[in-house]
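So the chains spell out like this:
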Amino acid sequence: MSINILCVGDVVGRPGRVLLADHLPELIASHNLELVVCNAENAAGGSGLTPQIFTKLLRYGVDAVTLGDHVYRKREIIEVLETSDRIVRPANLPTPAAGKRWTVVQTKTSGHEASVTCLLGQLFMGSNNSPWEAVEKAFREIPESVRIRIVDMHAEASSEKIAMGWNLNGRASIVFGTHTHVPTADACVLDKGTAFVSDLGMTGPYDGVLGRRKDRVLSALTTGMPAHFEVARGDPRLCGVVVGVDEMTGRAESIERVEIRGRVQTGPAYDTDDGRAQPAGRF
Ligand SMILES: [Fe+2]
Ligand SMILES: [Fe+2]
């Protein structure tokens, strides 16, 4: 028997949240989803996550939330990181950093256990600790009885993400990439039973630059001056993969890309990250 697990890529601002509210319940029903894992590092105003939005994501049907380099952008999330079993911070942050390095959640109806871990890449991502050491430590600590193991490799370089897939081949059920916000066409099941994709793609507005208004990003890039990177609105799409996993062995059997086009939000206000100006290149 196998169960279906949905992994959803970086939810960006209100357009991303609306996509989940509109489509996740029907996806859960139509694909018989037993587990939904979602990267929510951009869910609040395009950067970070708040407790209120975290609660909403769970209500829409998300079972476990991963984050990334914007983990602490909204400080209010720290208490949630310290108390909830349904959210992890990147495992390779320094040890004292708030939040869990891995968690174990139960599948929706079959009651199987699945672990969720999130890692930050090192290439073009600042000076992060080794994700390679962090994932070994996490995998040693996760009880051996937990066969279904899911890893979010939040990284800029596809080489690092692909290497992490091979590194965990046969040890993780799913290794999915996030952070670059562009879906890749390399979803596959590796030879020892690990489902892999370099990047899920974001769940947010594609009529922009990685989910932000293109006029603002272009202004920042062409002038070198900071600009308010408000969240874009057009062409919202929910992106992710559905993976079939043998719940007894934890081996992946299939992987299928999901891309759902949503409705465009109108109204005067763009979703904004506190109106703070961002230097060119910060997403
Ligand atoms: Fe992101
Ligand atoms: Fe990121």
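Computed from a predicted model, the values in this text were never measured in an experiment.

1. Description of the overall build of the protein chain
Phase 1 of the analysis: Helix and strand counts for the protein chain stand at six helices and 14 strands.
Phase 2 of the analysis: In terms of overall dimensions, the protein chain is globule-like: its C-alpha atoms have a radius of gyration of 18 Å, near the 19 Å expected for 283 residues.
Phase 3 of the analysis: The C-alpha extent of the protein chain, read off along each of the three principal axes, is 55 × 40 × 35 Å.
Phase 4 of the analysis: Looking at the 283 residues of the protein chain, the share that counts as buried comes to 56%.
Phase 5 of the analysis: For the protein chain, long-range pairs separated by at least 24 residues make up 67% of all intrachain contacts whose partners lie at least 6 apart in sequence.
Phase 6 of the analysis: Taken as a whole, the protein chain presents about 11,400 Å² of accessible surface, with 52% of it coming from carbon and sulfur.
Phase 7 of the analysis: Distance between charge centres in the protein chain, computed from 31 positive and 34 negative side chains, equals 4 Å.

2. Focus on the coordination of the iron ion (ligand 1)
Phase 1 of the analysis: Protein-derived coordination of the iron ion (ligand 1) comes from D10 (OD), E41 (OE), N42 (OD1) and H181 (NE2), at a distance range of 2.1 to 2.2 Å.
Phase 2 of the analysis: Coordination at the iron ion (ligand 1) is irregular, judged from the four donor atoms that bind it and the angles of 87 to 163° they form at the metal.
Phase 3 of the analysis: If you list the donors of the iron ion (ligand 1) from N- to C-terminus, the spacing comes out as D-x30-E-N-x138-H.

3. With respect to the coordination of the iron ion (ligand 2)
Six octahedral donors around a metal ideally subtend angles of 90 or 180 degrees, whereas four tetrahedral donors ideally subtend 109.5 degrees.
Phase 1 of the analysis: Within the first shell, the iron ion (ligand 2) binds the protein through E41 (OE), D69 (OD), H154 (NE2) and H179 (ND1), at distances of 2.1 to 2.2 Å.
Phase 2 of the analysis: One can describe the site at the iron ion (ligand 2) as irregular: its four donor atoms subtend angles covering 84 to 142° at the metal.
Phase 3 of the analysis: The sequence motif formed by the donor residues of the iron ion (ligand 2) is E-x27-D-x84-H-x24-H.
Phase 4 of the analysis: Here the iron ion (ligand 2) and the iron ion (ligand 1) are spaced 3.5 Å apart, with E41 acting as a shared donor. On the criterion of sequence distance, the pair formed by E41 in the loop between strand 2 (33-39) and helix 2 (51-60) and D69 in the loop between strand 3 (64-66) and helix 3 (77-83) is long-range, its members being 28 residues apart.

4. Points about the environment of R86
Phase 1 of the analysis: Note on placement: R86 falls in the loop between helix 3 and strand 4 (102-106).
Phase 2 of the analysis: On the basis of relative accessibility, which here comes to 31%, the residue R86 falls in the partly exposed class.
Phase 3 of the analysis: Placed 14 residues apart in sequence, R86 and K100 show a C-alpha to C-alpha distance of 9.5 Å.
Phase 4 of the analysis: For R86, the side chain forms a polar contact with the main-chain oxygen of D63, separated by 2.8 Å.

5. Focus: the sheet that holds strand 5 (residues 113-120)
Hydrogen bonds between backbone groups are what pair the strands of a sheet, and the pairing can be parallel or antiparallel.
Phase 1 of the analysis: With mixed pairing, the six strands of this open sheet are ordered in space as 4-5-6-7-9-8. Either end of the sheet is taken by a strand with one partner, and the two such strands are strand 4 and strand 8 (188-189).
Phase 2 of the analysis: Sheet topology note: the strand 6 (residues 148-154)/strand 7 (residues 174-178) ladder contains five bridges and is parallel. By the bridge assignment for strand 7, V151 is matched with V175.
Phase 3 of the analysis: The sheet strands contacting helix 4 (residues 131-141) are strand 4, strand 5 and strand 6, and the helix crosses strand 5 at an angle near 165°.
Phase 4 of the analysis: Seen against the sheet, helix 5 (residues 158-167) touches strand 5, strand 6, strand 7 and strand 9 (195-197) and runs at an angle of roughly 170° to strand 7.

The rules behind these values
Residues numbered from 1 in each chain as written. Chains lettered and ligands numbered in written order. Predicted model: local features only at pLDDT ≥ 70, side-chain atom pairs only at ≥ 80, totals over all residues. Heavy atoms only, no water. Helix = DSSP H or I, 4+ residues; strand = E, 2+ residues; numbered from the N terminus. Rg over C-alpha atoms; globule rule 2.2 N^0.38 Å. Buried < 20%, exposed > 50% of the residue type's maximum accessible area, 1.4 Å probe, protein only. Contact = heavy atoms within 4.5 Å. Areas by Shrake-Rupley, 256 points an atom, 1.4 Å probe, with all protein chains shown as cover. Lys, Arg positive; Asp, Glu negative; His and termini not counted. Charge placed at Lys NZ, Arg CZ, Asp CG, Glu CD. Donors = N, O, S within 2.8 Å, 3.2 Å for Na, K, Ca; no water. Tetrahedral: all angles 85-135°; square planar, octahedral: opposite > 155°, others 65-115°. Polar contact = N/O pair within 3.5 Å; in protein donor to acceptor, adjacent residues only side chain to side chain. Pairing = 2+ DSSP bridges. Axes fitted to C-alpha atoms, helices over the stretch in contact; angles between N-to-C directions.

Without other data, these values stay purely geometric and don't point to any function.
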